[in-house]
Number of protein chains: 2
Amino acid sequence: MEFNKALERFKEIIKLSNAYTYAMGVITFDSETAAPKNSVMGRAKASEIFSGITYKLTVNEEYFEVLDTLSSNKDKLDAITAREVELAVQSLSQIRHIPIEEYTEYRKTLTYSQNAWVQAKRNDDYSIFAPYLEKIIAFHRRVASLVAPDMDPYDYWLDQYEQELSTKTLDAFFDKVRASIVPLIKRVSERGDIIRTDFLERHCPIELQRRLSDYVMQLMHISRDDCAIAESEHPFTLELDKHDVRITTHYHEERLISNLYSVIHEGGHALYELNIGDDLIDTALAGGTSMSVHESQSRFYENIIGRSRAFVEILFPKIKELFPEQYKDVSLDEFYLAVNKAQPSLKRMNADELTYAMHIMVRYELEKRMMHGEITVDELPAEWNRLYKEYLGIEVPSNREGILQDVHWGGGMIGYFPSYALGSAYGAQMVEAIKKDLDFDELIKNDRINEITAWLTERIYRFGRLLKPGDAVRAATGKDFDPQYFIDYLTEKYTAIYGLDKE
Amino acid sequence: MEFNKALERFKEIIKLSNAYTYAMGVITFDSETAAPKNSVMGRAKASEIFSGITYKLTVNEEYFEVLDTLSSNKDKLDAITAREVELAVQSLSQIRHIPIEEYTEYRKTLTYSQNAWVQAKRNDDYSIFAPYLEKIIAFHRRVASLVAPDMDPYDYWLDQYEQELSTKTLDAFFDKVRASIVPLIKRVSERGDIIRTDFLERHCPIELQRRLSDYVMQLMHISRDDCAIAESEHPFTLELDKHDVRITTHYHEERLISNLYSVIHEGGHALYELNIGDDLIDTALAGGTSMSVHESQSRFYENIIGRSRAFVEILFPKIKELFPEQYKDVSLDEFYLAVNKAQPSLKRMNADELTYAMHIMVRYELEKRMMHGEITVDELPAEWNRLYKEYLGIEVPSNREGILQDVHWGGGMIGYFPSYALGSAYGAQMVEAIKKDLDFDELIKNDRINEITAWLTERIYRFGRLLKPGDAVRAATGKDFDPQYFIDYLTEKYTAIYGLDKE
């Protein structure tokens, strides 16, 4: 195929893909926020048709030729197009290397496995799910052997979700975390229930909580003209366009901080998307570069900024103003401690900043052994429970609250979990770099968080997917990723909060 | 083209069209209810791409052949497919008969004319808009002469919006209305300001108004699982699927009945869509058959049911319960009279049940003369003002509040207005038929409106677009459309409300 024709066709496909992504994005947002319950059938029909159309858009011989032509003429491409081609090639690598029957068979397995997972969890019966998990693991090993026969199969899948991430990096990361954080959690647990949190459960009307959300958005300097808030069962962020990002939250009348920290977390995701460079608009690179980098930013705003003493200082007076009765007997310090309370728990989704990485470490170790064929599906639950005891010090009473708690494996996502833990660790390294350039706490206290955002925009946000995920930390800090920052951050913070230095 | 191939292709195109209509529907709903202000750019890009795709879907030689093949084999088609083909042929008739350059040129004119209308209205300067209106009228006359050279040009355009509607029907309708309603309005106006409405402007918190909306939805027996309410600048109804209809409303703290009657009006539109027959799902006929029939239903619920004494009896106690302070000095009768107050006004959009048709009559007379070449663009404003004086007895102080008030002509819609007035007249004829079968007022008082809806479903709703608009009245009443019912309904109602029989 002629180079110019290939380039033109490539750009056209991106334009079309972006339009379909936009439409499917709005449909998803609508389904989670506004659609009535029985809308599911109409949506399923439309979604099926669009899935078919978008599949055909890129999975066809002509487009493969387009990509081959462009890939073999990389020197003629500008940096943006070259990166777009690289990502397009990567996203099609599986479909081009796996026999279509195997691929179709697997898609069918996934449909059933998700339902099997729901049933298994509901009935607390792992055996319903086990045969599907077995097939999913087998498929993952098979795909890796076909597409990247020279790679470690788990490395192949890690790289799919997080380009260039490998067991080498993660082993080093989790080894350090295990050595330092497991003992730290043990010490915190031994201190017992010394932080008061009773007031967090007091009734706070939703109308007033909405006003708190408005205030938080304002503190984060997020323009409501570019970013809407809606309500959904589970909070999420969706980017439709540089000037159209949506975040959602869920209000609980008896859990004020649930919405509060959801908004800050999703607001962090939103700030990343809202600050993508103008040169990337309408390209395939106009979005956050990966889940771990995205998560590093949401957790940065949620935990490192949002749970800092400085932020609580600017936030708490507003809480007192909106909820004078509920908070009349609560001091700023008590509130600060309450939002930072750490406690080992069974559920990853509810885990606090200190214990979160432990939940991921359990999953990482199991996934690695699955991919290396070192553990059978039947052995997984017992091993899960053993690791929870070892890392978090807690007994898992049932598979429902144990190995069946997450949707990911049943949905065919093996290799995705580690990104969750990396995000927090990246953030801890970044804040060290920021503090060298900016008076971090003073900016937060003086309603100037936008200057911190500008720092991150300059180094990460504006580059969108042009920046490889592994390069984000280097771009921000000038150094390779080093988990020691994360260890130090947690140790220092929780030593102070739990007075461990005074023991 | 081979018949079976044509049929298969036709069904496929309908399926694709429905999916795009669904996506564009969700995008529209989102833009009016949830999207942030600056979402406009992202949406414009996606919409342009989808417009292009859907245009190409049906405007191409292959599809024309499909339609020709099916049209010449009507005897082989079932009733549903035959009607789908008929509507598809009609919707493409213009594009197939008008030279593409003229069509493109006109589309361009429309883009500018809408903006010109905005400017003209803002500056109260008709001369900004006049040259565009001139072009639009010329194009309408030209299209009619090309597509239907044997028809009256205005009849051609009426038929485009409302199949089989003609000046013959409308002349008869408006002649009767003019003869009876103009004097009735005069008598009502002479009675002066005898109805108390001060309490309608009292402050009613939006949170409580939302609960009133919930109650109204319940009284209308609309399932919230199939129909969501959202908030938008202007209320509208959007149908995405038989089990997914959306209505919107707008709350005004100082205008309780604005939201109240919006919900009932849009709820009427929703009931029509929610009761389309299951046999029409996924066809091109799964929707209300025309604007006038749709409007007949929304106005039926809003005015004939919603403003009836019986409905006010079941509604008012809830208003007293939700707003005890605001309504402590208001009786049921006072509320009933207040929601039925009639008063000639300048704006069509704010007109009451009695005076509404007069606003349409002015537009009808002017449109007819435009299409017949009997009036120049320059003569229109003076003629508009003269007719407002004659029919409504009021002076029009400016073009902004006169001929420039509506968006329709600037948007290229000539022939659309009459449907608005027909809707109310259809409803008046239908209620007479309903009263022969059902104890209308008792059903309303006893929270059994669903039985009235079932009556309408049986005769109109379930047939969707299979029913021709002109046949809706016949299907419901067994008789041809007769405007006398409307005259009688208004005369009886307003004679009682204004005590004209006691004069």
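Values in this document were obtained by computation on a predicted structure and should not be read as measured data.

**Details of the overall build of chain A**
So, step 1. The helix and strand tally for chain A stands at 20 helices and 3 strands.
So, step 2. For 503 residues, the compact-globule estimate of 2.2 N^0.38 gives 23 Å, and chain A sits close to it at 23 Å.
So, step 3. Each of the three principal axes of chain A carries a C-alpha extent, and together these read 70 × 50 × 50 Å.
So, step 4. Long-range pairs, those at least 24 residues apart, make up 71% of the contacts in chain A between residues at least 6 apart in sequence.

**Things to note about the relation of the copies chain A and chain B**
So, step 1. Superposing chain A onto chain B requires a rotation of 180° together with a translation of 0.0 Å along the rotation axis, leaving an RMSD of 0.0 Å. One copy is carried onto the other by what is essentially a two-fold rotation axis. The rotation axis passes nearest to the C-alpha of Ala23 of chain A in chain A, at a distance of 3.1 Å.
So, step 2. Comparing contact sets, 100% of the residues at the interface of chain A also lie at the interface in chain B, consistent with an isologous, same-surface contact.

**A few points about the interface of chain A and chain B**
So, step 1. Listed per partner, the contact involves 32 residues of chain A and 32 residues of chain B.
So, step 2. Element by element, the count of residues in the side of chain A that touches chain B is highest for helix α1 (residues 3–33) of chain A, at 10 residues.
So, step 3. Looking at side-chain class alone, the side of chain A that touches chain B contains 18 nonpolar, 5 polar and 9 charged residues.

**Section: the domain arrangement of chain A**
Residues and elements named next belong to chain A.
So, step 1. Structurally, chain A comprises domain 1 (1–97) and domain 2 (198–344 + 438–459).
So, step 2. Computed over C-alpha atoms, the centres of domain 1 and domain 2 are 32 Å apart.
So, step 3. With 13 residues of domain 1 at the contact, the number on the domain 2 side is 13 residues.
So, step 4. Sorting the residues of the side of domain 1 that touches domain 2 by element identifies α1 and α4 (79–97) as the ones contributing at least two each.
So, step 5. Of the residues forming the side of domain 1 that touches domain 2, the biggest block, 9 residues, is contributed by α1.
So, step 6. In terms of residue class, the side of domain 1 that touches domain 2 is made up of 6 nonpolar, 4 polar and 3 charged.

**Focus on the nonpolar core**
Across soluble globular proteins, nonpolar side chains show a tendency to be buried alongside one another.
So, step 1. Met361 of chain A together with Met361 of chain B are the most contacted members of the largest nonpolar core, which has 231 residues in total.
So, step 2. Sequence-distant contacts of Met361 of chain A, defined by excluding residues within four places in its chain, comprise Phe174, Val177, Arg178 and Tyr391 of chain A.
So, step 3. Core analysis: the next-biggest nonpolar cluster, separate from the first, contains 18 residues, Ala23 and Ala46 of chain A together with Ala19 and Leu240 of chain B among them.

**As for helix α3 (residues 61–71) of chain B**
Residue and element names in this part refer to chain B.
So, step 1. For α3, the set of buried residues is Val66, Leu67 and Leu70. In a view along the axis of α3, the buried residues occupy a sector of 90°, so they form one face of it.
So, step 2. Buried residues belonging to α3 abut α1 (3–33) and α4 (79–97).

**Section: the sheet that holds strand β3 (residues 244–249) of chain B**
Residues and elements named next belong to chain B.
So, step 1. Pairing is mixed in the open sheet, where 3 strands are placed in the order β1-β3-β2. Every interior strand has two partners, whereas the edge strands, β1 (227–231) and β2 (237–241), have only one. For this sheet the average axis-to-axis angle between neighbouring strands, irrespective of direction, equals 20°.
So, step 2. In this sheet, β3 lies alongside β2 in antiparallel orientation, the contact comprising 4 bridges.

**Comments concerning the sheet that holds strand β1 (residues 227–231) of chain A**
Residues and elements named next belong to chain A.
So, step 1. With mixed pairing, 3 strands are arranged side by side in an open sheet as β1-β3-β2. Sheet topology places β1 and β2 (237–241) at the edges, where each strand pairs with a single neighbour. Neighbouring strand axes in the sheet, compared pairwise and without regard to direction, differ in orientation by 20° on average.
So, step 2. The strands touched by helix α10 (residues 256–274) are β1, β2 and β3 (244–249); relative to β3, the strand with the most contacts, the crossing angle is about 165°.

**Quick word on the packing of α1 of chain B against α3 of chain B**
Residues and elements named next belong to chain B.
So, step 1. Following both chains from N to C, one finds α1 and α3 inclined at 120°, their axes separated by 9 Å at the closest point. Classed by the angle they form, the pair α1 and α3 counts as oblique. With respect to the hand of their crossing, α1 and α3 are arranged in left-handed fashion. The segment α1 lies against α3, with Phe3, Ala6, Leu7, Arg9, Phe10 and Ile13 engaging Tyr63, Val66, Thr69 and Leu70.
So, step 2. When its residues are assigned to classes, the contact of α1 with α3 shows 8 nonpolar, 1 polar and 1 charged.

**Quick look at the environment of Met291 of chain A**
All names here are of chain A.
So, step 1. Residue placement: Met291 occurs in helix α11 (residues 291–305).
So, step 2. Exposure remark for Met291: the 17 C-beta atoms within 10 Å place this residue in the partly exposed category.
So, step 3. Each C-alpha atom, one on Met291 and one on Tyr420, is 7.6 Å from the other, the two residues being 129 residues apart in sequence.
So, step 4. Setting aside anything within four residues of it in sequence, one finds Met291 in contact with Tyr161, Glu162 and Ser419.

**Here we look at unusual backbone geometry**
All names here are of chain B.
So, step 1. Positive phi is not limited to glycine here, since Asp124 has a value of about 50°.
So, step 2. For Asp124, the location among the structural elements is in the loop between α5 (100–123) and α6 (126–147).
So, step 3. Take Asp124: there are 14 C-beta atoms within 10 Å of it, and that puts it in the partly exposed class.
So, step 4. You will see that Asp447, though not glycine, has its phi angle at about 55°, which is positive.
So, step 5. Relative to the assigned elements, Asp447 resides in the loop between α17 (440–445) and α18 (449–459).

**Considering the packing of helix α7 (residues 153–161) of chain A against helix α14 (residues 356–371) of chain A**
Helix packing geometry: the angle between the two helix axes and the distance between the axes.
All names here are of chain A.
So, step 1. Two elements in contact, α7 and α14, have axes separated by 8 Å at closest approach and are oriented at 125°. Between α7 and α14, the interaxial angle falls into the category oblique. Here α7 contributes Pro153, Tyr154 and Trp157 to the contact with α14, which in turn contributes Glu367, Lys368 and Met371.
So, step 2. Grouping the amino acids of the contact of α7 with α14 by side-chain chemistry returns 4 nonpolar, no polar and 2 charged.

**Focus: the environment of Phe173 of chain A**
Residue and element names in this part refer to chain A.
So, step 1. The residue Phe173 is located in helix α8 (residues 167–191) in this model.
So, step 2. Its 23 C-beta neighbours within 10 Å are what place Phe173 among the buried residues.
So, step 3. Sequence spacing of Phe173 and Phe486 is 313 residues, and the spatial spacing of their C-alpha atoms is 9.7 Å.

**Some words on the environment of Phe300 of chain B**
Residues and elements named next belong to chain B.
So, step 1. Mapped onto the elements, Phe300 comes out in helix α11 (residues 291–305).
So, step 2. By C-beta crowding, Phe300 is classed as buried, having 26 other C-beta atoms within 10 Å.
So, step 3. What Phe300 contacts, discounting residues up to four positions off in sequence, is Gly268, Ile305, Gly427 and Met430.

**Overview of the confidence of the model for chain A**
So, step 1. Model confidence for chain A is summarised by a mean pLDDT of 95, while 100% of its residues fall at 70 or above.
So, step 2. Here the complex is predicted with pTM 0.92, and the ipTM for its interfaces comes to 0.91.

What counts as what
- Throughout this description, residue numbers start from 1 for each chain and increase along the sequence as written.
- Chain letters start at A and ligand numbers start at 1, both assigned in the order the entries are written.
- Side-chain atom pairs in this predicted model are given and counted only at pLDDT of 80 or more, local residue features only at pLDDT of at least 70, and totals for whole chains, interfaces and linings cover all residues.
- By definition, any uninterrupted DSSP run of H or I lasting at least four residues is a helix, any uninterrupted run of E lasting at least two residues is a strand, and each is numbered from the N terminus.
- Just to be clear, the radius of gyration here is over C-alpha atoms, and the globule rule we use is 2.2 Å times residues to the power 0.38.
- Throughout, a residue-residue contact means that the two C-beta atoms, derived from backbone geometry, are no farther apart than 7 Å.
- For the least-squares superposition of copies, only C-alpha atoms count, and only for residues with pLDDT at least 70 in both.
- Under the scheme applied, nonpolar residues are Ala, Val, Leu, Ile, Met, Phe, Trp, Tyr, Cys and Pro; charged residues are Asp, Glu, Lys and Arg; polar residues are all the others, including Gly.
- An automatic or database domain assignment is the source of the domain bounds shown.
- Here a nonpolar core is just a set of buried residues of the types Ala, Val, Leu, Ile, Met, Phe, Trp, Tyr and Cys, joined wherever their C-beta atoms sit within 7 Å.
- Exposed residues have 12 or fewer other C-beta atoms within 10 Å of their own C-beta, buried residues have 20 or more, and residues in between are partly exposed; the C-beta atoms are placed from the backbone.
- The arc refers to the directions leading from the helix axis to the C-beta atoms.
- Paired strands, in this sense, are two strands between which DSSP finds at least two bridges.
- In this analysis, axes come from line fits to C-alpha atoms, helices being fitted only over the stretch in contact, and the angle between any two N-to-C directions falls in the range 0 to 180 degrees.
- Should an angle fall under 35 degrees it is taken as roughly parallel, and over 145 as roughly antiparallel, whereas 65 to 115 is taken as roughly perpendicular and any remaining angle as oblique.
- Whether a crossing is left-handed or right-handed is set by the direction in which the near helix is turned from the far one by less than a right angle, anticlockwise for left-handed and clockwise for right-handed.
- Every residue gets a pLDDT, meaning the predictor's confidence in that residue, from 0 to 100.

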